[in-house]
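# Structural overview for review
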Amino acid sequence: MEHFQQVEPFDYVIFGATGDLTMRKLLPALYNRLRLGQIPDDARIIGAARTELSREAYVARAREALERFLPSDVLSPGLVDRFLARLDYVTLDSSRQSEQWDSLTSLFAKAQPDRVRVFYFATAPQLYGSICENLHRYGLITANSRVVLEKPIGTDMATATAINDGVGQYFPEKQIYRIDHYLGKETVQNVLALRFANPLINAAWSAEHIESVQITAAETVGVEGRAAYYDTSGALRDMIQNHLLQVLCLVAMEAPDSLEADAVRNAKLAVLNALRPITEASAATETVRAQYTAGVIGGENVPGYLEELGTPSATETYAAVRAWVDTPRWKNVPFYIRTAKRSARKVSEIVVTFRPAATAMFGAAPASNRLVLRIQPNEGVELRLNVKNPALDVFNLHTADLDTSIRMEGGMPFPDSYERLLLDAVRGDPVLFIRRDEVEAAWRWAEPVLDAWKHNKVPMQTYSAGSYGPEQATRLLAEHGDTWHEASE
Ligand SMILES: NC(=O)C1=CN([C@@H]2O[C@H](COP(=O)(O)OP(=O)(O)OC[C@H]3O[C@@H](n4cnc5c(N)ncnc54)[C@H](OP(=O)(O)O)[C@@H]3O)[C@@H](O)[C@H]2O)C=CC1
Ligand SMILES: O=C1O[C@H](COP(=O)(O)O)[C@@H](O)[C@H](O)[C@H]1O
């Protein structure tokens, strides 16, 4: 059994405490960490939202959320009660000045003033600036405070800058934790281990040996209950500008000097700054956008995006981009990135295709080696090798896959990425959070694509729900003789 270290006592204030994210992800994640012994007895979790609720009424909601969103085998009545005993609730419109803030102030007054305070913003990002202003006005920001910002940090460069400026007026950068839950995924962090702890892989990690890289995050779900948010966002803003660019950075970055936050962030920033700009003109050849139409997933008919929405919309539910990292290491290596709602399968993975061996020894050319890093599901690593075809008398090649699962001890499922990240904020470890300059560099690259799409420089394609996406995305790769790796292959 892995040993988990307890963190120091803390006050975790969640703004947006009645919302979907808090109920579905944050409270279950904190419960799991308590179950594993990481949360000390005197830690407090304080929910804040405008809805008038007594502490008891909030605790009842939290209990329901744990029962709904956690598997029953991790819920024990004693532990649930211990967790709920740490909860408090304040009715607070956090964007306004009012005496409602007194309740929060008096809760803080009951603990040591130097205790770690984490302010988690699980509300609309437009509120972040005013919440910070009020935290400052009511004297609640201490040297030991941190603020965790949920995505999206803006919808473009201007809005991202406004949010970062608003928060930055009251919190220094080292106290700001911009969350990207993909960085909390074990197998995403494993990119660093695989690359830099294995000379075998590290030595081949460049354009000399690598032909192309694919990064996919596909989901079978549609926009669920989040259509109001999603329709203002779309696939590029929702997944590529943040999660998938972060994954790309880990794949493409030079070795950082250490695993210290700034060393890793500097290395990622260098990749973002080296991304070849996509212009309104090149967007037509380098990007594909599409919306799903009605189809079948898991044997069930599902409606198309526009039917689900009930209104016309120019928002993409699929995006594919051919990106280029203009550094000597990645000269002329395409990075194909794609994301989709209502895809055939739920899969997030990185696929690295190596250049084939240049030998005529075996008659037919050997197949390319291919390394698949499965982020989810079935977390693991797969390597396609050429071996002798044992069935033939003549020396002929065929391919065999080395396939290893990456598992927790005892075969337990991986913890949800929020579990790790929520406590990293308490520990004051920002390495898996995004620095301001990274967010802005990502917007600098993404914004021209969004502009080209807004100005209809790239036609909106369609794909049936339950398919792998539009034909145009297949062509994007075919131009280089590549094909998308589908998880079933
Ligand atoms: N849900 C998800 O899966 C994900 C969400 N996010 C992000 O997390 C944030 C929250 O999302 P989600 O939970 O889905 O949104 P919800 O709309 O479900 O919840 C919003 C929460 O904010 C509260 N709230 C709104 N205005 C105020 C205010 N002035 N003061 C205090 N509380 C306020 C609401 O409660 P009340 O009305 O009682 O005030 C509610 O608790 C968003 O930034 C979203 O983009 C990011 C990734 C995934
Ligand atoms: O941030 C988001 O991520 C989820 C997908 O996360 P995953 O961990 O299930 O891969 C996506 O559904 C959501 O639209 C997006 O906002």
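Conventions adopted
Residues numbered from 1 in each chain as written. Chains lettered and ligands numbered in written order. Predicted model: local features only at pLDDT ≥ 70, side-chain atom pairs only at ≥ 80, totals over all residues. Heavy atoms only, no water. UniProt positions renumbered as here; feature names shortened; annotations may be inferred. 1 Å grid on protein atoms, 1.4 Å probe; cavity = no way out; pocket = protein on both sides within 12 Å on 5 of 7 lines; lining within 4 Å. Points joined across faces, edges and corners; volume = space filled by probe spheres on them. Helix = DSSP H or I, 4+ residues; strand = E, 2+ residues; numbered from the N terminus. Nonpolar A, V, L, I, M, F, W, Y, C, P; charged D, E, K, R; others polar. Near = heavy atom within 4 Å. Polar contact = N/O pair within 3.5 Å; in protein donor to acceptor, adjacent residues only side chain to side chain. Areas by Shrake-Rupley, 256 points an atom, 1.4 Å probe, with all protein chains shown as cover. Pairing = 2+ DSSP bridges. Contact = heavy atoms within 4.5 Å. Axes fitted to C-alpha atoms, helices over the stretch in contact; angles between N-to-C directions. Parallel < 35°, antiparallel > 145°, perpendicular 65-115°, else oblique. Buried < 20%, exposed > 50% of the residue type's maximum accessible area, 1.4 Å probe, protein only. Phe/Tyr/Trp six-rings, centres within 6.5 Å; stacked < 30°, edge-to-face > 60°.

The name given to the protein chain in an unreviewed UniProt entry is Glucose-6-phosphate 1-dehydrogenase, with the source organism recorded as Gluconobacter kondonii. Listed in UniProt under the heading Pathway (unreviewed entry), the comment for the protein chain reads: "Carbohydrate degradation; pentose phosphate pathway; D-ribulose 5-phosphate from D-glucose 6-phosphate (oxidative stage): step 1/3."

### Observations concerning the layout of surface pockets
Computed from the structure, the second largest pocket encloses a volume of approximately 630 Å³. Taken together, 25 residues make up the lining of the second largest pocket; nearest its centre are N32, R35, P413, F414 and P415. Here the lining of the second largest pocket takes seven residues from helix 1 (residues 20–35), the largest share from any one element. Residue composition of the lining of the second largest pocket, grouped by class: 14 nonpolar, two polar and nine charged.

### A word on the site of ligand 2
Close contacts around ligand 2 come from K151, H181, Y182, K185, E219, R226, D238, M239, H243, K341, K346 and Q376, and that covers them all. The separation between an oxygen atom of ligand 2 and a polar side-chain atom of K151 is 2.9 Å. The contact in question runs from an oxygen atom of ligand 2 to an N or O atom on the side chain of K341, over 2.8 Å. Burial of ligand 2 by the protein chains amounts to 82% of its free accessible area of 400 Å². For the shell around ligand 2, the element with the most residues is helix 10 (residues 235–252), which contributes three residues. Taken together, the residues of the shell around ligand 2 break down into two nonpolar, three polar and seven charged.

### Thoughts on the sheet that holds strand 3 (residues 87–91)
Read across the sheet, seven strands follow the order 3-2-1-4-5-6-17 without closing on themselves; strand pairing throughout is mixed. Here the strands that pair on one side only, and so sit at the sheet edges, are strand 3 and strand 17 (433–434). Bridging between strand 1 (residues 10–15) and strand 4 (residues 116–121) involves six bridges; their strand directions are parallel. Counterpart to Y12 in the pairing with strand 4 is V118. Packing of helix 5 (residues 128–137) onto the sheet brings it into contact with strand 1, strand 4 and strand 5 (145–149), and relative to strand 4 it is tilted by some 150°.

### Remarks on the packing of helix 5 against helix 6 (residues 157–168)
Between helix 5 and helix 6, the least distance of the axes is 8 Å, while the angle of their chain directions is 5°. In this view, helix 5 runs roughly parallel relative to helix 6, as classed from their interaxial angle. Contacts between helix 5 and helix 6 pair Y128, G129 and C132 from the former with I163, G166 and V167 from the latter. Classifying every residue of the contact of helix 5 with helix 6 by side-chain character gives four nonpolar, two polar and no charged.

### Considering the environment of E379
Inspection of the secondary structure assignment puts E379 in the loop between strand 14 (370–376) and strand 15 (380–388). Note on E379: relative accessible area 22%, which makes it partly exposed. Counting along the chain gives 270 residues from E379 to A109, while the straight-line C-alpha distance between them is 45 Å. Excluding residues within four positions of it along the chain, E379 makes contact with T187, R374, T404, S405, I406 and F414.

### Concerning the site of ligand 1
In the region of ligand 1, 23 residues are neighbours, and T18, D20, R24, R50 and T51 sit closest. One of the backbone nitrogen or oxygen atoms of L21 is found 2.8 Å away from an oxygen atom of ligand 1. Between R50 and ligand 1, the recorded distance is 2.7 Å, taken from a side-chain N or O atom to an oxygen atom. For the shell around ligand 1, the element with the highest residue contribution is helix 1, accounting for three residues. Across the shell around ligand 1, the residue classes break down as nine nonpolar, seven polar and seven charged.

### What to know about the packing of aromatic side chains
Under the definition given, this model contains 19 aromatic pairs. Residues Y58 and Y89 carry aromatic rings whose centres are separated by 4.8 Å and whose planes lie at 25° to one another, so their mutual orientation is stacked. Taken together, the positions of Y58 in helix 2 (residues 55–69) and Y89 in strand 3 put the pair 31 residues apart, joining distant regions of the chain. The exposure classification of Y58 matches that of Y89, with both residues buried. Ring geometry for F121 against Y128: centres 5.4 Å apart, planes inclined by 45°, an arrangement best described as tilted.

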